[in-house]
Amino acid sequence: MSQESSRKIKSIEINPVVAIPDKPDVDGAVNVGRSLMQDLLSGYSSLPRNVGYQFGAYMDANDVKMDEIVLRTFRRYLKEQGHFELREGADATLELAIIRYGFKMPAFDITKNMRSPELHISATLRAKDSTVLSSRHEFLMRGSEFTHAHSIQALWGNPRLVERSLEEASCVITYLLLSELHPARPSSDGSLGDEPGGPVCDPVVHIESAIACKPGVGCVNHKTETWEFRPSRNPKDLRGMCAPDVGCADQ
């Protein structure tokens, strides 16, 4: 989007209808021992079977909605950055479409049972008169340094891990697509400076504790943990990657 258009846009609303494929693209589990033997006998590497329809049904049954994840991360980003007001009847409308999403086997994965999130999203910003102000798309491929891989067995066994991994990918894509919409800001020397770049997302975990007491039973301390991924305030200065249940690694 041009600087002139950026200065005119003061508020943005997000179209709540996000286009999405009818199924994710997911590489299923592979019997490692059998696969290695077949590879040795045949002279080529076997590929895992796509289990997108089954995995999509698993996500639906556990209320993991890719379109809602994307809406949530885009709304959070706009609210936290504060460059534009997020409201209905805004100066411009952001239209989102999920082109592809799922979990794929990283390249050169010997075990073939680790899966990285993949995500491809397009974003179109339209003015009130339907003029296209900006139209971009970004994709996150398997094995990206900005996301973490999980075993396909762990993903099948923990729908919250599925949601968390897809939100991590969505956070990165959100940063890539929206960081260029920032109005240019004057730098210390008076020139127009750029926003810091780098799609690094960190997990933020919120823990709430409450004590419930019942006569004749006693008191129990209930802890509730919620999490979300947020873009780094200054990605260029960040040299670590962190994720819940994974830990941190220096870059």
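No experiment lies behind these values; they were computed from the predicted model shown. Residue numbers here run from 1 along each chain, matching the order of that chain's written sequence. In keeping with the predicted nature of the model, local features appear solely for residues at pLDDT of at least 70, side-chain atom pairs appear and are counted solely at 80 or more, and the whole-chain, interface and lining totals rest on all residues. In computing side-chain properties, one takes all heavy atoms of the structure into account and sets aside hydrogens as well as water.

Take a side-chain nitrogen of Lys or Arg and a carboxyl oxygen of Asp or Glu: if they are within 4 Å of each other, that pair is a salt bridge. Within this structure, the stated rule accounts for twelve salt bridges. Salt-bridge contacts for lysine 104 lead to aspartate 25; the nearest nitrogen and oxygen are separated by 3.3 Å. Of this pair, lysine 104 sits in strand 4 (residues 92-104) while aspartate 25 sits in strand 2 (residues 25-26), placing them 79 residues apart in sequence. There is no split in this pair, since lysine 104 and aspartate 25 are both buried. Among the ionic pairs, arginine 72 bridges to glutamate 163, the shortest N-O distance being 3.5 Å. Of the two residues, arginine 72 sits in helix 4 (residues 66-81) while glutamate 163 sits in helix 6 (residues 159-178), which places them 91 residues apart along the sequence. The network of salt bridges with common partners includes Arg72, Arg76, Arg160, Glu163 and Glu167. Only DSSP runs of H or I with at least four residues qualify as helices, and only runs of E with at least two residues qualify as strands; both kinds are numbered from the N terminus onward. Accessibility here uses a 1.4 Å probe with only protein chains present; expressed as a share of the type maximum, an area under 20% marks a residue as buried, one over 50% as exposed, and anything in between as partly exposed.

Turning our attention to the confidence of the model for the chain. The predicted model of the chain averages 77 in pLDDT, with 68% of residues at 70 or higher. Each residue carries a pLDDT score, the predictor's own confidence in it, on a scale running from 0 to 100. Averaged pLDDT values for the elements of the chain fall to 38 in strand 8 (residues 185-186) and rise to 97 in helix 3 (residues 52-61). Residues count as neighbours in contact if any of their non-hydrogen atoms are within 4.5 Å of one another. The low-confidence segment residues 183-199, where pLDDT is below 50, has 33 contacts with residues more than four positions distant or belonging to other chains. In this model residues 233-251 is a low-confidence stretch, pLDDT under 50, and it forms 45 contacts with partners more than four residues away in sequence or in other chains.

Take the layout of surface pockets next. Taken as a whole, the second largest pocket holds about 160 Å³ of empty space. Space inside and on the surface of the protein is sampled on a 1 Å grid over the protein atoms alone, with a cavity defined as a set of points where a 1.4 Å probe fits but cannot get out and a pocket as an open set with protein on both sides within 12 Å along at least 5 of 7 lines; lining residues have an atom within 4 Å of a point. Surrounding the second largest pocket, 16 residues form its lining, Pro21, Asp22, Gly56, Asp60 and Tyr101 being those nearest its centre. Mapped onto the lining of the second largest pocket, the elements with two or more residues apiece are helix 3 and helix 4. No other element matches the six residues that helix 3 contributes to the lining of the second largest pocket. Tallied by class, residues from the lining of the second largest pocket come to nine nonpolar, two polar and five charged. Grid points are joined across faces, edges and corners, and a volume is the space filled by probe spheres set on the points. Classification convention: Asp, Glu, Lys, Arg as charged; Ala, Val, Leu, Ile, Met, Phe, Trp, Tyr, Cys, Pro as nonpolar; all other residues, Gly among them, as polar.

The next thing to look at is unusual backbone geometry. With phi around 60°, aspartate 63 is a residue other than glycine that occupies positive phi space. With respect to the element layout, aspartate 63 can be found in the loop between helix 3 and helix 4. The exposure class of aspartate 63 is exposed, given its relative accessible area of 53%. Its identity is not glycine, yet serine 130 carries a phi of approximately 75°, on the positive side. If you trace the backbone, serine 130 turns up in the loop between strand 5 (114-127) and strand 6 (132-140).

Okay, the environment of alanine 57 next. Residue position: alanine 57 is located in helix 3. Distance from alanine 57 to lysine 23, taken between C-alpha atoms, is 8.5 Å for residues 34 residues apart in sequence.

So, on to helix 4. The span one expects for a helix is its residue count, reduced by one, times 1.5 Å. Relative to the 22 Å expected for 16 residues at 1.5 Å per residue, helix 4 spans 23 Å between its end C-alpha atoms, a close match to the ideal helical length. Along helix 4, the positions that sit buried rather than exposed are Met66, Ile69, Val70, Leu71, Thr73, Phe74, Arg76, Tyr77 and Leu78.

Below, the discussion takes up the side chain of serine 165. For serine 165, the position within the fold is in helix 6. On the basis of relative accessibility, which here comes to 1%, the residue serine 165 falls in the buried class. Not counting residues up to four positions away in its chain, the partners in contact with serine 165 are Phe103, Pro117, His148 and His150.

Where empty space is left becomes clear once a probe the size of a water molecule has been rolled over the atoms. Overall, the coordinates contain four cavities of 30 Å³ or more when judged by the stated rule. Along the walls of the largest cavity sit Leu94, Ala123, Thr124, Leu125, Ser134, Arg136, Leu177, Leu178 and Leu181, which together make up its complete lining. Elements with a contribution of two residues or more to the lining of the largest cavity: strand 5, strand 6 and helix 6. With three residues, strand 5 is the largest single contributor of residues to the lining of the largest cavity. Here the lining of the largest cavity is built from residues that sort into six nonpolar, two polar and one charged.

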